[in-house]
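# Architecture and fold: a report
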Amino acid sequence: MRPGRREAAGGGHRGAVRVVPMTLRHLDAVTALERAVYPRPWTRATFRAELDKTEDRAYRVARRGRRVVGYGGVLVGAGEAHILTVAVHPTERRGGVATRLVVELLAAAVELGAVDATLEVRESNAGAEALYRRFGFDSAGVRPGYYEDDGEGARIMWLHDLAAPATAARILAEADRVGHPRPRALAADAT
Ligand SMILES: CC(C)(COP(=O)(O)OP(=O)(O)OC[C@H]1O[C@@H](n2cnc3c(N)ncnc32)[C@H](O)[C@@H]1OP(=O)(O)O)[C@@H](O)C(=O)NCCC(=O)NCCS
């Protein structure tokens, strides 16, 4: 069957998703998505400042063709990776975009010297919690009143020993599951 006009123009959900480093040219799309997703969105100035801190941070965008469909960032300090943000465009959810981003954020974190990884999710955010549990993140408890906008508690999650073969294998299994290329930083250690 011949493709329809929308498909021929590369619209809709066609085309592969790729994850690339976030740069200034992505910030229009990233800040628009940020405003759509978060009650207290980061500004363009915040993202610009974050992108300058390459020594301990990594930001990635997921693109379908030229369209930014998601983004994420990680901060590494004292051997701990802190996943700061992951957001996917509402029309692109449940297609593995966040999985691709988390795989790449964890790989970048290992390259920056991370041994363990942690993050917070809103107590009510069962979808994000499920996403991270797939990678092996476990709950270490809830910090009440963590989010200032509405006082919701944060579930603190940890994934220990990223370079251990069993941990790396689990991350790579998530990459395989969504058809994402295995990052070298993790593949080298996995069995
Ligand atoms: C949470 C979020 C990032 C997930 O993005 P996504 O691209 O839809 O996630 P994926 O498609 O990679 O999901 C991978 C797995 O996580 C789980 N999952 C993801 N979203 C889920 C949901 N809403 N409900 C239940 N499980 C979910 C599922 O196990 C899913 O696998 P499956 O679709 O094969 O069942 C996205 O919903 C989002 O941007 N939400 C708003 C921002 C946010 O909450 N960010 C997380 C805080 S750091």
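Remember, predicted model here, so these are calculated numbers, not experimental data.

Once that is clear, we can look at the confidence of the model for the chain. Scored by pLDDT, the chain has a mean of 92; 91% of the residues are at 70 or more. Within the model, pLDDT remains below 50 along residues 1-11, and this stretch shows four contacts once partners closer than five positions in the same chain are excluded.

With respect to topology, seven strands assemble into an open sheet ordered β1-β2-β3-β4-β5-β7-β6, the strand pairing being mixed. Each end of this open sheet is capped by a strand with a single partner; those strands are β1 (17-21) and β6 (138-143). Strand-to-strand twist across the sheet, computed as the mean angle between neighbouring axes with direction ignored, equals 25 degrees. Sheet analysis places β6 next to strand β7 (residues 154-159), joined by four bridges and oriented antiparallel. Counted as the bridge partner of Val 142 is Arg 155 from β7. Its contacts with the sheet put helix α2 (residues 27-37) on β2 (57-64), β3 (67-77) and β4 (80-88), and the angle it makes with β3 is roughly 85 degrees.

Core analysis: the biggest nonpolar cluster contains 39 residues, and Ile 83, Leu 106, Tyr 132 and Phe 137 have the highest contact counts within it. Looking at which element gives the most residues to this core, the answer is helix α4 (residues 97-111), with eleven residues. Counting twelve residues, the second-largest nonpolar core is a separate cluster that includes Val 20, Phe 47, Val 68 and Tyr 71.

This next bit is on the pairing of β3. Of all eleven residues that make up β3, eight are buried, and the element is covered over most of its length. Pairing between β2 and β3: eight bridges, direction antiparallel. Bridging from a neighbouring strand, Arg 60 pairs with Gly 72 of β3. With antiparallel pairing between neighbouring strands as the criterion, β3 and β4 make up a hairpin whose turn holds two residues, including Ala 78 at a positive phi of roughly 50 degrees.

Conventions adopted
Residues numbered from 1 in each chain as written. Predicted model: local features only at pLDDT ≥ 70, side-chain atom pairs only at ≥ 80, totals over all residues. Heavy atoms only, no water. pLDDT = per-residue confidence, 0-100. Contact = heavy atoms within 4.5 Å. Pairing = 2+ DSSP bridges. Helix = DSSP H or I, 4+ residues; strand = E, 2+ residues; numbered from the N terminus. Axes fitted to C-alpha atoms, helices over the stretch in contact; angles between N-to-C directions. Core = buried A, V, L, I, M, F, W, Y, C linked by side-chain atoms within 4.5 Å. Buried < 20%, exposed > 50% of the residue type's maximum accessible area, 1.4 Å probe, protein only.

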